[in-house]
Amino acid sequence: MTPQAESVMEMFRSSGAYLEGHFRLTSGLHSGAYMQCALVLQYPDTAEKLGRMLARELRQNVNGEIQAVASPALGGMIIGHEVARALGARHIFTERDPATRQMKLRRGFLLRPGEAAVVVEDVITTGGSTQEVVDLLRAGGARVLGAGSIIDRSGGEAAVGVPRVALATLRVASYEEAACPLCRSGVPIVKPGSRPSEPDPGLPVTPDSRSA
Ligand SMILES: [Zn+2]
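Along each chain, numbering runs from 1 in the same order as the chain's sequence is written. Reporting of local features is limited, given that this is a predicted model, to residues whose pLDDT is at least 70; pairs of side-chain atoms are given and counted only at 80 or more, and all residues count toward the totals for whole chains, interfaces and linings. Side-chain metrics in this entry use all non-hydrogen atoms of the structure; hydrogen atoms and water are not considered.

*Asks:* I'd love a proper account of the packing of helix α3 (residues 44–61) against helix α4 (residues 77–87), names of residues and values included.
*Replies:* In a pair of packed helices, the angle between the axes and the distance between the axes together describe the arrangement. Where helices are involved, their axes are fitted lines through C-alpha atoms of the stretch in contact, as for all axes, and angles between N-to-C directions lie from 0 to 180°. For helices the rule is a DSSP run of H or I covering at least 4 residues; for strands it is a run of E covering at least 2, with both sets numbered from the N terminus onward. Close contact between α3 and α4 brings their axes to 7 Å; oriented N to C, the two are set at 65 degrees. The element α3 and its partner α4 pack so that their crossing is right-handed. Judged by residue contacts, Ala47, Glu48, Leu50, Gly51, Arg52, Leu54, Ala55, Leu58 and Arg59 of α3 engage Ile78, Ile79, Glu82, Val83, Arg85, Ala86 and Leu87 from α4. Amino acids outside the nonpolar list (Ala, Val, Leu, Ile, Met, Phe, Trp, Tyr, Cys, Pro) and the charged list (Asp, Glu, Lys, Arg) are all regarded as polar, and Gly is one of them. A breakdown of the residues in the contact of α3 with α4 according to their chemical character gives 10 nonpolar, one polar and five charged. Each crossing gets its hand from how the near helix is turned against the far one by less than a right angle, where anticlockwise is left-handed and clockwise is right-handed. Here, residues are in contact when the closest pair of their heavy atoms is within 4.5 Å.

Here it is as structure tokens:
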């Protein structure tokens, strides 16, 4: 792991954002580990620092000036906004239509023809959400130069059709429900992204995250 990745992982550990247990991820896959980015990004100075780091990685790995950063809501919004700040670009976000589950630009967000854009997310697991935003931007006439995330859980394997960067690349096992060893051994599952603010009694919560 690079020194940069080590320092990012330390931010996650110290804010209680690296959880272990049995989780249903946004992708639908099950996993024994979950990165709760919101717990790291709740500190604006940390969010700003991560945004600067990711902006630097993007600048070094894509061709051309980045004019717009697009993120899938909700997870990508804070980091996307900080990356845009560091790049001097604008930030827009996509939302899923509740009826069709399709990713959409709402709230009057428009793309300019040929606008140079990147997609920024908090965590990439399969690359599915990033890919949907890439496709949406292209369909809207933008040029998608690249994509980035704070964490890459795919061990570098997720492909989204454009150059992709991450601040920390991990290989965290995730399983289809039918093949999940944690399900088989009867460990209760939680969907951490949507749980209420009161921590689940079953979730490991570090003293740091309690006092933070
Ligand atoms: Zn499971």
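*Asks:* Describe the pairing of strand β3 (residues 68–72), listing the residues and the values that go with them.
*Replies:* Using a 1.4 Å probe on the protein chains alone, a residue whose accessible area is under 20% of its type maximum counts as buried, one over 50% counts as exposed, and one in between counts as partly exposed. Most of β3 sits out of view: five of its five residues are buried. Side-chain alternation along β3 places Ala68, Ala70 and Pro72 on one buried face and Val69 and Ser71 on a second face that is also buried. In this description, strands pair whenever DSSP reports at least two bridges between them. Two strands pair when backbone bridges link them, and β3 and strand β4 (residues 90–96) are joined in this way by five bridges, in the parallel orientation. The partner of proline 72 across the bridge, within β4, is threonine 94. Here β3 pairs with strand β6 (residues 116–124) via three bridges, running parallel. The partner of valine 69 across the bridge, within β6, is valine 118.

*Asks:* So what's going on with the packing of aromatic side chains? Which residues, and what values?
*Replies:* Centre-to-centre distance and the angle between the planes together describe a pair of aromatic rings. We call Phe, Tyr and Trp rings a pair once their centres come within 6.5 Å, taking the six-membered ring for Trp, and we label the pair stacked below 30 degrees between planes, edge-to-face above 60, and tilted otherwise. Tallied over the full model, the rule gives two aromatic pairs. Seen from their ring centres, phenylalanine 23 and tyrosine 34 are 5.7 Å apart, and the 40 degrees between their planes marks the pair as tilted. Taken together, the positions of phenylalanine 23 in strand β1 (residues 18–24) and tyrosine 34 in strand β2 (residues 30–35) put the pair 11 residues apart, joining distant regions of the chain. Residue classification places phenylalanine 23 among the buried positions, given a relative accessible area of 0%. On the accessibility criterion, tyrosine 34 (12% relative accessible area) is buried. Ring geometry for phenylalanine 93 versus phenylalanine 109: centroids 5.1 Å apart, planes at 80 degrees, classification edge-to-face. You can see phenylalanine 93 sitting in strand β4 and its partner phenylalanine 109 sitting in the loop between β5 (103–105) and β6, a full 16 residues away along the chain. Since its relative accessible area comes to 23%, phenylalanine 109 is described here as partly exposed.

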